[in-house]
Amino acid sequence: LSERREFDVAVVGASVAGCTAARLLAQRGARVALIEKRPSPDAYKVTCTHAILPPAAPVIARLGLEPLLYERGAIRTGAEIWTPYGGWLELPDGASRGWGVTRRTFDPLLRRLAADTPGVELLAGWALKDVRATGPAVIEVEDGSRRRITIRSRLLVGADGRDSDMARLTRVPGRVLPHNRCFYYAYWKGVKPATDDIRVWLLDPVGGAAHFPNEDGLSMLVAAFTRAQVPEVRADLETHYLRRLTGLPDGIDLRDAERVSKIMGKLEMPNIIRLRSRLGLAFIGDAALATDPLFGAGISFALQTGQWLADATGEALVAGADLEAALRRYRRRLLLRLGAHHWHIAGYSVGRRLNAPERLLCRRAARDPVVREAFSAFFTRERGPQTLARPLVLGRVLVPRPDLTGRQPAGLSSPPEPEIPLKEAA
Ligand SMILES: Cc1cc2nc3c(=O)[nH]c(=O)nc-3n(C[C@H](O)[C@H](O)[C@H](O)COP(=O)(O)OP(=O)(O)OC[C@H]3O[C@@H](n4cnc5c(N)ncnc54)[C@H](O)[C@@H]3O)c2cc1C
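Residues numbered from 1 in each chain as written. Predicted model: local features only at pLDDT ≥ 70, side-chain atom pairs only at ≥ 80, totals over all residues. Heavy atoms only, no water.

**Some words on the overall build of the protein**
From N to C terminus, the protein includes 12 helices and 20 strands. C-alpha extents for the protein along the principal axes are approximately 70 × 50 × 40 Å. Pairs at least 24 residues apart make up 73% of the contacts formed inside the protein by residues separated by at least 6 positions. Entry remark: accessible area of the protein is about 17,600 Å², with carbon and sulfur atoms responsible for 52%. (Helix = DSSP H or I, 4+ residues; strand = E, 2+ residues; numbered from the N terminus. Contact = heavy atoms within 4.5 Å. Areas by Shrake-Rupley, 256 points an atom, 1.4 Å probe, with all protein chains shown as cover.)

See below:
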């Protein structure tokens, strides 16, 4: 006979999104089961290059994670973006900053914080196996020795990542958009220039490269390729990875650097968004929208959606208000705030070239601080595309100001095309 337990909320997946929602819901007074299939509280996501964008920062602060990250040496990151259309774009002074911290540090800190929150019970080592009902929910979870617990809850939350078991078991479809990139990445020490900024090279259209600084002097160096390049890259991964990193304009100096991990890679990453759901069921994080990682937005989206769900449903759960209305509010907010970003990132992930308006925007943003401010807010996903359509911004995109110059790397008045050695690029 299986054990039976009752909670207000059952959150499946104790990673970024799940831990965020669990902690914030419990702080509102809800009793939360936080169910995680990996037994170790120190488990972390390995397949991630973990740049954390500015919109995540207020959620991190609200969770109480900020002092723990500072104590552990995490970095507040700015950002610089290079495109072949105008060269460098630097985030304006005073722009909000993101975080540079490895998942090895971030995930256990957040999970412990969530597990230590009064009202949260972390069931680590228990996997979701069956969903018998939703609205209210009845689910079955199982541990490594095949013991089962039946959990009943008013609200059921899928925070179980891009290959969501919750979505499969409840038959909630996702809208899938194709993805045509792959990523190879490794940790390094001693990378120059030493910087607190995320540095991203958009090598339109063949992918890109990035340098993400983290705690303990660890740099994450990422090389992105299109899928068509994969056979050639794989035939000599080390050479292609290094050539991509060292062939960048105003690039990365690895002469005194040491690679301190193997080169890791990820191929299958379709863009998925789940707009519909079932009664009493919500998806957050990658289970709600899993987007191409080129722009490093997934962790921020996971933190934001976790917070939005808690804000929308907290009252309904503890004061007995209408839960379905609360869930509709949550889904509407997700769609309004992140829908356009998802479709923009997914649309570019097919490996297309930036179109003429996008190229013009990059050129103007490299020179004009007003355009740069709007571009940065969009690029870091703080604001939606409407910020670029403001009359002041649009006017300065269409009519350039010849008196304005942007920061450019020394000696580069007009940036050269990057060296792209692969056949497909020729
Ligand atoms: C190659 C790559 C690079 C990336 N780089 C970045 C980056 O630079 N910046 C960025 O912001 N994002 C990046 N991302 C995206 C980021 O990793 C995700 O968006 C983020 O981890 C989503 O968090 P989550 O909590 O929704 O899901 P996840 O972190 O995937 O966590 C899901 C959790 O659910 C658990 N789980 C799954 N199934 C079950 C089950 N049946 N029962 C119980 N538990 C279950 C898992 O064990 C896991 O703990 C990258 C992704 C990839 C693939």
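There's plenty left to go through after this.
**Here we look at the state of the cysteines**
Summed over the entire model, instances satisfying the criterion amount to zero disulfides. No disulfide involves Cys-48; its sulfur sits 14 Å from that of Cys-19, the nearest cysteine. Looking at Cys-48, the relative accessible area reads 14%, which means it is buried. Free of any disulfide, Cys-182 has its nearest cysteine sulfur in Cys-48, 16 Å distant. (Disulfide = S-S within 2.5 Å. Buried < 20%, exposed > 50% of the residue type's maximum accessible area, 1.4 Å probe, protein only.)

**With respect to the sheet that holds strand β20 (residues 289–290)**
Reading across the sheet, the three strands line up as β11-β18-β20 and stay open at both edges, with antiparallel pairing between neighbours. Only two strands of the sheet have a single partner each, and these edge strands are β11 (175–177) and β20. Strand direction decides the pairing type here: β11 and strand β18 (residues 271–273), joined by three bridges, are antiparallel. Residue pairing across strands places Val-176 opposite Ile-272, the latter belonging to β18. Strands in contact with helix α9 (residues 323–348) are β11, β18 and β20; relative to β18, the strand with the most contacts, it is inclined by about 160 degrees. (Pairing = 2+ DSSP bridges. Axes fitted to C-alpha atoms, helices over the stretch in contact; angles between N-to-C directions.)

**Some details on the site of the ligand**
The environment of the ligand is made up of 35 residues, and the closest members are Ser-15, Glu-36, Asp-165, Asp-286 and Ile-299. Contacts to the ligand include Arg-38, whose side-chain N or O atom sits 2.8 Å from an oxygen atom. Here Arg-103 contributes a side-chain N or O atom positioned 2.9 Å from an oxygen atom of the ligand. Calculation on the ligand without its partners gives an accessible area of 1,000 Å², and the protein chains cover 95% of this total. (Near = heavy atom within 4 Å. Polar contact = N/O pair within 3.5 Å; in protein donor to acceptor, adjacent residues only side chain to side chain.)

**Details of the pattern of salt bridges**
Should the charged atoms of two oppositely charged side chains come close, the side chains can pair. Per the stated rule, a full pass over the model turns up 27 salt bridges. Arg-5 is the partner of Glu-3 in a salt bridge, and the nearest nitrogen-oxygen pair spans 3.9 Å. A residue is classified by how much of its surface remains accessible, and Arg-5, at 24% relative accessible area, is partly exposed. For Arg-31, the salt bridge goes to Asp-8, with nearest N and O atoms at 3.2 Å. You can see Arg-31 sitting in the loop between α1 (16–27) and β2 (32–36) and its partner Asp-8 sitting in strand β1 (residues 3–12), a full 23 residues away along the chain. Since its relative accessible area comes to 14%, Asp-8 is described here as buried. Counted as one network, the salt bridges with shared partners bring together Arg-132, Glu-140, Glu-142, Arg-146 and Arg-148. (Salt bridge = Lys/Arg side-chain N within 4 Å of Asp/Glu carboxyl O.)

**Brief notes about a nonpolar patch on the surface**
A surface patch of nonpolar side chains, amounting to about 300 Å² of accessible area, comprises Leu-394, Leu-398 and Val-399. Looking at the secondary structure, you find Leu-398 in helix α12 (residues 391–398). On the basis of relative accessible area, Leu-398 is assigned to the exposed category, the value being 61%. (Patch = residues over 30% accessible without salt bridge, like charges linked within 9 Å, V, L, I, M, F, W, Y side chains within 5 Å.)

**Examining the side chain of Thr-117**
Inspection of the secondary structure assignment puts Thr-117 in the loop between α4 (103–115) and β7 (120–124). For Thr-117, the side chain forms a polar contact with the side chain of Arg-23, separated by 2.8 Å. Setting aside chain neighbours within four positions, we find Thr-117 in contact with Arg-23, Ala-26 and Gln-27.

**Brief notes about the packing of aromatic side chains**
Inspection of every chain in the model, using the stated rule, returns seven aromatic pairs. Judged by centre distance (5.3 Å) and plane angle (75 degrees), the rings of Phe-295 and Phe-379 are edge-to-face. Taken together, the residues span a long stretch of sequence, with Phe-295 in the loop between β20 and α8 (298–319) and Phe-379 in helix α11 (residues 369–379) at a distance of 84 residues. Neither Phe-295 nor Phe-379 differs from the other in exposure class; each is buried. (Phe/Tyr/Trp six-rings, centres within 6.5 Å; stacked < 30°, edge-to-face > 60°.)

**Details of the pairing of strand β5 (residues 87–90)**
Relative to β5, strand β4 (residues 75–83) is paired through four bridges, and the arrangement is antiparallel. Paired with Glu-80 across the strands is Glu-90, a residue of β5. If you look at the hairpin formed by β4 and β5, you'll find three residues sitting between the two strands, and Gly-86 has a positive phi there, around 115 degrees.

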